[in-house]
Structures are given as C-alpha cells and as structure tokens.
Amino acid sequence: MSYVGPDFEPPRPPRHPLRGPLTVAVAALVPGALVGWLVWQAVGDSDDGDGSAAARTSASAGASASASASASAPSSELPGPSEDGKEQSGGGDESGASAPAGSGPLKGKVVVIDPGHNPGNFRHPSDINRKVNIGTNWKECDTTGTSTNAGYTEAEFTLDVSHRLRAILKKEGATVKFTQDGDRAWGPCVDERAEIGNKAGADAVVSIHADGSAAGNRGFHVILPGSVHSGAADTRPIVASSRALGERIAGGFLRTTGGPPSNYIGDGTGLDVRKDLGGLNLSTVPKVFIECGNMRDTKDSAQLTSGTWRQKAAEGISEGIVSFLRG
Ligand SMILES: [Zn+2]
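Residues numbered from 1 in each chain as written. Predicted model: local features only at pLDDT ≥ 70, side-chain atom pairs only at ≥ 80, totals over all residues. Heavy atoms only, no water.

- The name an unreviewed UniProt entry gives the chain is N-acetylmuramoyl-L-alanine amidase, with Streptomyces dioscori as the organism.

Written as structure tokens, this is what we have:
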C-alpha cells in the first residue's frame with residue numbers, strides 16, 4: 001500500500017542501468033510477454049493518467065510513510081508506509097509449516113510468504129500504531145493497508161494471493177510458511193514479520209501487497225532492500241540476492257499477468273529500492289515486496305478483484321521464486 005515515493009538507490013552501477021533489471025529479467029524469462037506488453041501499452045494505456053497521479057507521486061515523495069495515502073487514500077488507510085511485519089504463528093498453509101517438503105524441484109527449500117497487513121488491523125489502531133525499531137528508525141508496527149473504491153481490502157487480497165502462491169510452491173516441493181494467515185487479531189508488526197523469515201532460515205521471502213495510489217497510476221512493482229547498516233538493520237549481505245530474487249519475480253509476474261510494470265514508480269523497470277521498510281531492513285535472508293497493482297485505479301482494481309488474474313499473479317511470483325531458488 002502506501003508509498004513514500006520513489007526511493008531509488010543513488011547512482012546505480014553501470015551493470016544496472018535504469019531500465020536494465022526488468023529488461024534483463026524479461027529477456028531471459030519472457031521475451032514474448034514483453035513484446036505483448038509493449039503493444040498493449042501503446043494501444044491502451046496512455047490515457048488514464050490524470051493530474052492526481054502526479055500529485056500522488058510528489059506527495060508520496062516524503063520520507064515517511066505517512067504522506068502517501070493522502071491523495072487517494074481514504075480514511076481507512078493509515079498514513080504511512082510501513083509494510084512489513086513479521087511473526088506469527090499461524091503461518092503456514094493448511095498443511096502449513098509442518099507439511100513435509102514435497103519431491104519437486106524445491107524440495108528442501110523454505111519459502112516464507114508474508115501476506116501484507118491483516119484484516120483485523122482496522123480494529124486495533126493502538127496496537128498497530130505502536131512504534132517498533134526497524135534499525136534505521138522507529139516506525140508503526142503495521143498499517144491497515146488500502147482497499148479498492150468498492151471496499152475490497154488489501155489485506156483480503158494479500159491473503160488470497162498468498163494462499164494461491166503457497167499451493168503452487170508446495171507442489172514444487174517447497175516448505176512454505178506464512179507470517180500471518182488471518183489467524184490472529186492484528187499484525188504481526190513489521191519487525192516480527194522479518195524475524196519470522198529469519199528464524200525460518202528462509203531461502204526466499206516475499207511480502208505480498210497492492211498499492212493505494214492515485215487513479216491513473218497503474219502497474220506492479222517489486223521493492224528491493226536498499227543497503228542499510230544501522231542499529232539492528234544490516235541488509236548488506238542480502239542486497240544482491242534480494243535483487244536477483246526481485247528481478248526474477250518481476251519477470252515472472254510480467255510474463256503471467258501481461259504487466260504492465262508501474263507507470264509511477266521505478267521508471268518502467270518494475271523495480272524500486274527502499275530503505276524505509278522494516279520488513280526489509282531487518283531481514284537477514286533474501287526478501288522482496290511486490291505491489292501487485294494499484295487498488296485505487298479502476299483498470300488495476302478490475303484485475304486485482306479477479307480470481308483468475310490473482311491466480312496468474314501467484315503463478316508469476318512462484319515462477320520467479322522457483323527460478324531464483326534453482327539458480
Ligand atoms: Zn501494503
């Protein structure tokens with residue numbers, strides 16, 4: 001959900017020119033899809049932006065999480081970009097964490113899925129507004145997340161996609177754990193969400209979200225951890241691996257859903273880098289967030305509310321994880 005705004009890493013090394021990452025991922029994984037997307041983009045997507053999109057982008061450029069939601073977000077959305085979280089018990093799929101690994105290509109691999117927010121967060125404002133230490137600073141424990149204009153919540157969306165993703169990954173043989181499965185009243189807090197992945201010794205962690213930006217802002221983007229070394233946060237060991245994971249997920253997502261990559265964050269790469277998310281800052285294992293689309297945009301919300309589309313989204317994310325874990 002909410003964004004603080006583009007948070008590109010400073011000058012990127014030559015090997016990662018701005019449009020490079022996704023291009024590379026796409027070239028490697030889904031050349032056909034990119035061509036399709038380009039055609040689609042040319043034909044159909046240039047008209048829906050409006051002033052508010054720009055406003056939102058600039059508004060969200062602030063440093064903290066709060067500003068972003070203002071333009072488009074309804075009162076229901078807590079200001080602020082905290083998005084990660086951690087912990088919890090319920091994780092797991094029905095067969096959950098205890099399910100034996102299968103015999104597929106991911107046998108022996110542990111994947112932690114972090115469904116963003118929690119359907120119960122709305123009812124526990126004081127709990128989720130409590131500040132937790134994310135290494136670089138203190139931030140809200142968790143946020144409510146956003147919703148479509150019709151009221152389909154981000155928390156509901158993230159759990160649905162996560163369930164679909166879990167089913168796919170388990171078939172691939174992975175051991176899958178959740179940070180929350182709608183089985184706790186609220187949270188977990190972002191620091192706990194990170195800790196769950198760390199304690200699980202996860203080979204990959206993906207936090208599922210959908211954004212709450214202005215109408216006209218469309219498309220998905222994957223958020224990668226920036227290099228942070230402050231307090232309990234030290235992402236230096238996972239920056240490269242997380243980028244590799246994120247590029248694969250972006251490529252897979254683009255292939256299965258047809259895109260498009262975000263038109264308001266990431267300069268068309270479908271990738272963003274942030275240093276203000278506790279769930280990334282405190283991770284010691286490869287981890288990324290994916291914002292699957294903008295719930296406040298009519299075209300994006302039509303996709304996000306479609307079970308068929310969410311299945312494609314889960315397949316794309318899975319494809320990226322499998323590609324990453326198989327090297
Ligand atoms: Zn979110």
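Some remarks on the overall build of the chain
- A tally of helices and strands in the chain yields 10 helices and 10 strands.
- Across the 327 residues that make up the chain, the buried fraction comes to 58%.
- Sequence separation of 24 or more characterises 85% of the internal contacts of the chain that already satisfy a separation of 6 or more.
- Counting only carbon and sulfur atoms, one obtains 55% of the accessible surface of the chain, whose full area is about 11,600 Å². (Helix = DSSP H or I, 4+ residues; strand = E, 2+ residues; numbered from the N terminus. Buried < 20%, exposed > 50% of the residue type's maximum accessible area, 1.4 Å probe, protein only. Contact = heavy atoms within 4.5 Å. Areas by Shrake-Rupley, 256 points an atom, 1.4 Å probe, with all protein chains shown as cover.)

Some remarks on the packing of helix α5 (residues 154-171) against helix α10 (residues 307-326)
- Here α5 crosses α10 at 50 degrees, and the two axes come no closer than 8 Å. Classed by the angle they form, the pair α5 and α10 counts as oblique. Read as a crossing pair, α5 and α10 show a hand that is right-handed. Along its contact with α5, which presents Phe157, Asp160, Val161, Arg164, Leu165, Ile168 and Leu169, the element α10 presents Gly307, Trp309, Arg310, Gln311, Ala314, Glu315, Ile317, Ser318, Ile321 and Val322.
- Partitioned by chemical class, the residues of the contact of α5 with α10 number 10 nonpolar, three polar and four charged. (Axes fitted to C-alpha atoms, helices over the stretch in contact; angles between N-to-C directions. Parallel < 35°, antiparallel > 145°, perpendicular 65-115°, else oblique. Left-handed = near helix turned anticlockwise from the far one by under 90°. Nonpolar A, V, L, I, M, F, W, Y, C, P; charged D, E, K, R; others polar.)

Regarding the sheet that holds strand β4 (residues 175-178)
- The strand order across the open sheet formed by six strands is β4-β1-β5-β10-β6-β9, and the pairing between neighbours is mixed. The outermost strands of the open sheet, each flanked by one partner alone, are β4 and β9 (271-274). On average, each strand axis in the sheet is tilted by 25 degrees relative to the strand beside it, whichever way the strands run.
- Sheet analysis places strand β1 (residues 110-115) next to strand β5 (residues 204-211), joined by five bridges and oriented parallel. Bridged to proline 115 within β5 is isoleucine 208.
- Against the sheet, helix α6 (residues 190-199) touches β1, β4, β5 and β10 (287-294), its axis set at about 170 degrees to β1. (Pairing = 2+ DSSP bridges.)

Quick word on the packing of aromatic side chains
- Under the definition given, this model contains two aromatic pairs.
- For the ring pair phenylalanine 220 and phenylalanine 253, a centre distance of 4.7 Å and an interplane angle of 55 degrees mean the geometry is tilted. Taken together, the residues phenylalanine 220 in the loop between β5 and β6 (221-225) and phenylalanine 253 in helix α7 (residues 239-257) connect sequence positions 33 residues apart.
- What makes phenylalanine 220 buried here is its relative accessible area of 1%.
- Centroid distance phenylalanine 253 to tryptophan 309: 5.8 Å. Interplanar angle 80 degrees. Geometry classified as edge-to-face. Of this pair, phenylalanine 253 sits in helix α7 while tryptophan 309 sits in helix α10; the two residues are 56 residues apart in sequence, bridging distant segments of the chain. Pair check on accessibility: phenylalanine 253 and tryptophan 309 agree, each one buried. (Phe/Tyr/Trp six-rings, centres within 6.5 Å; stacked < 30°, edge-to-face > 60°.)

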